Amino acid sequence: MKSETLRDTAGAGRTLVVAEIGQGHDGSVGILHSMVDVAAACRVDAVKFQVHIADAESSPMEPFRVRFSPVDATRFDYWKRMELPEHEWRRLKERCDTLGVEFLATPFSNAAVDLLERVGIRRYKVGSGDIANPLLLQRLVATGKEVILSTGLGTIEDIDRAVELFSRHSVPIAVLQCTTRYPTVADDVGLPWIGRLRERYGCPVGLSDHSGKIYAGLAAAALGAALVEVHVTFDRRMFGPDSRASLTFDELAHLVEGVRFIEAARRDTVEKVMTEETENLRRMFGKALAVNREMVAGETLSTSDLEGKKPADGGIAVGELEHVLGRCLNRSKRKWEFLRKEDLE
């Protein structure tokens, strides 16, 4: 599986579930490692990180998206606090490898790409704020590694240009429907775009969900999403900009279980043929014809005289109804007695 692209896994009917930690660790390496451990225990396919290098991606002029922090004077200060030294990224990569989950990351600068190349990464996720950033996209092209594009802040023209760039250089891509609203209400999730994006680009398509509920991810899996990404947190009351739009780890476990169930249910393995087991059930639950009143020899049978009763082999099968109507009884029948061929003239 290590060499597989999302096109490979989607072709095999798999939906990858990605646990996005983002800034959920609030700068604590201990919390970050504990989140990785719990996410892996939920049986996700990948744990995703955000690699922020404040000097390379931001400045003190950057405004807060949401004024949430009483400890960071500026958004730049917040990114500074979210930074990790390279040796901590290496430890996280090693931890993911040990736990058997993919180490996935979003770089927010070319410097972050350089860091991740040194650490070692299989594929990249592009945040929707960078889908129209050719400087970053071209740096990712140079790596030759698969790229997952989030589209929440991109126009259709932005997505077209990004897809064309990677396709021109034969870089495998996937495109995620995404609404950059935290949390996202049901009306804004945009599930129909999964099909539209798949048809437009002919590549694997998935959902980056910020609803804070499991329903959108399950629905996306039912629609054949190649990947479902959700933010995770220990508790939605935790500090941070993304907590309210995250799943708890218990909810994440339910999401993974549901996606795996849906994967199995979508496989084309059910045929409408009778096996020995279904034949037995058909006899058990099927019905045979019986009379619904006392009848005497010589009476002609009509639908108002008949009832269907289990089991199917108790008498003449209900499927033979047309061959019974209008026939005369050659013997008397008690109410609710099965009708048999020898009862008919």
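Structure shown above.
Per the secondary structure count, the protein chain includes 13 helices and 11 strands. The C-alpha atoms of the protein chain give 30 Å as radius of gyration, which overshoots the globular expectation for 345 residues (20 Å, by more than 25%). Oriented by its inertia axes, the alpha-carbon framework of the protein chain measures out at about 100 × 45 × 35 Å. Put simply, the protein chain has 345 residues, and 46% of those count as buried.

Moving on, we come to the side chain of Asp130. Here Asp130 lies in the loop between strand E4 (123-126) and helix H7 (134-143). The side chain of Asp130 sits in the buried core without any salt bridge; Lys48 is the nearest counter-charge, 10 Å away. Excluding its chain neighbours within four sequence positions, the residues that come into contact with Asp130 are Pro107, Phe108, Leu136 and Leu137.

Moving on to the state of the cysteines. By the definition in use, this model includes zero disulfides. Of the cysteine sulfurs around Cys42, a residue in no disulfide, the closest is that of Cys96, at 14 Å. Free of any disulfide, Cys178 has its nearest cysteine sulfur in Cys203, 15 Å distant.

Attention now moves to the packing of helix H5 (residues 86-99) against helix H6 (residues 110-119). At a minimum axis separation of 10 Å, H5 and H6 run at an interaxial angle of 50 degrees. Here H5 is positioned oblique relative to H6, judged by the angle of their axes. The chirality of how H5 crosses H6 is right-handed. Together, Glu86, Trp89, Arg90 and Lys93 of H5 and Leu115, Arg118 and Val119 of H6 make up the contact between the two elements.

A separate point is the pattern of salt bridges. Summed over the entire model, instances satisfying the criterion amount to 32 salt bridges. Here Arg81 ties to Asp72 by a salt bridge, and the two come within 2.7 Å at their closest N and O atoms. Residue Asp72 is classed as buried on the basis of its relative accessible area, which comes to 4%. Across the pair Arg293 and Glu299 runs a salt bridge whose closest N-O atoms are separated by 2.7 Å.

Before going further, it helps to examine unusual backbone geometry. Going from Tyr182 to Pro183, the amide bond is cis rather than trans, its omega being -5 degrees. Of the consecutive residues Lys310 and Pro311, the connecting peptide bond is found in the cis state with omega at 5 degrees. In this structure, Asp26 takes a positive phi of about 55 degrees despite not being glycine. Topologically, Asp26 is positioned in the loop between strand E1 (16-20) and helix H2 (29-41). Exposure remark for Asp26: the relative accessible area of 25% places this residue in the partly exposed category. Located in the positive-phi region is Arg43, a residue other than glycine, with phi close to 70 degrees.

Taken as a whole, this structure holds five aromatic pairs when the rule is applied. Judged by centre distance (6.5 Å) and plane angle (75 degrees), the ring pair of Trp89 and Phe103 falls under edge-to-face. Of this pair, Trp89 sits in helix H5 while Phe103 sits in strand E3 (residues 102-107), placing them 14 residues apart in sequence. On the basis of relative accessible area, Trp89 is assigned to the buried category, the value being 3%. According to the relative accessible area criterion, Phe103 is buried, its value standing at 3%. Ring centres of Phe234 and Phe249 lie 5.0 Å apart, and the angle between their planes is 55 degrees; this geometry places the pair in the tilted category. Taken together, the residues span a long stretch of sequence, with Phe234 in the loop between strand E8 (227-233) and strand E9 (247-248) and Phe249 in helix H11 (residues 249-266) at a distance of 15 residues. Through successive ring pairs, a cluster of aromatic residues spans Phe49, Trp89 and Phe103.

In this section: the pairing of strand E5 (residues 146-150). The buried fraction of E5 is high, at five of five residues. Both faces of E5 are covered, namely the face carrying Glu146, Ile148 and Ser150 and the face carrying Val147 and Leu149. One ladder, built from four bridges, connects E4 with E5; its direction is parallel. Among the inter-strand pairings, Lys125 is bridged to a residue of E5, identified as Ile148. In this fold, E4 hands off to H7, which returns the chain to E5; that crossover is right-handed. Direction of pairing for E5 relative to strand E6 (residues 173-178): parallel, over a ladder of four bridges. From the neighbouring strand, Ser150 faces E6, where its bridge partner is Leu176. What joins E5 to E6 is helix H8 (residues 156-168), and the crossover it makes is right-handed.

What counts and how
- Residues numbered from 1 in each chain as written.
- Predicted model: local features only at pLDDT ≥ 70, side-chain atom pairs only at ≥ 80, totals over all residues.
- Heavy atoms only, no water.
- Helix = DSSP H or I, 4+ residues; strand = E, 2+ residues; numbered from the N terminus.
- Rg over C-alpha atoms; globule rule 2.2 N^0.38 Å.
- Buried < 20%, exposed > 50% of the residue type's maximum accessible area, 1.4 Å probe, protein only.
- Lys, Arg positive; Asp, Glu negative; His and termini not counted.
- Salt bridge = Lys/Arg side-chain N within 4 Å of Asp/Glu carboxyl O.
- Contact = heavy atoms within 4.5 Å.
- Disulfide = S-S within 2.5 Å.
- Axes fitted to C-alpha atoms, helices over the stretch in contact; angles between N-to-C directions.
- Parallel < 35°, antiparallel > 145°, perpendicular 65-115°, else oblique.
- Left-handed = near helix turned anticlockwise from the far one by under 90°.
- Phe/Tyr/Trp six-rings, centres within 6.5 Å; stacked < 30°, edge-to-face > 60°.
- Pairing = 2+ DSSP bridges.
- Right-handed = clockwise from strand over helix to strand, strands pointing away.

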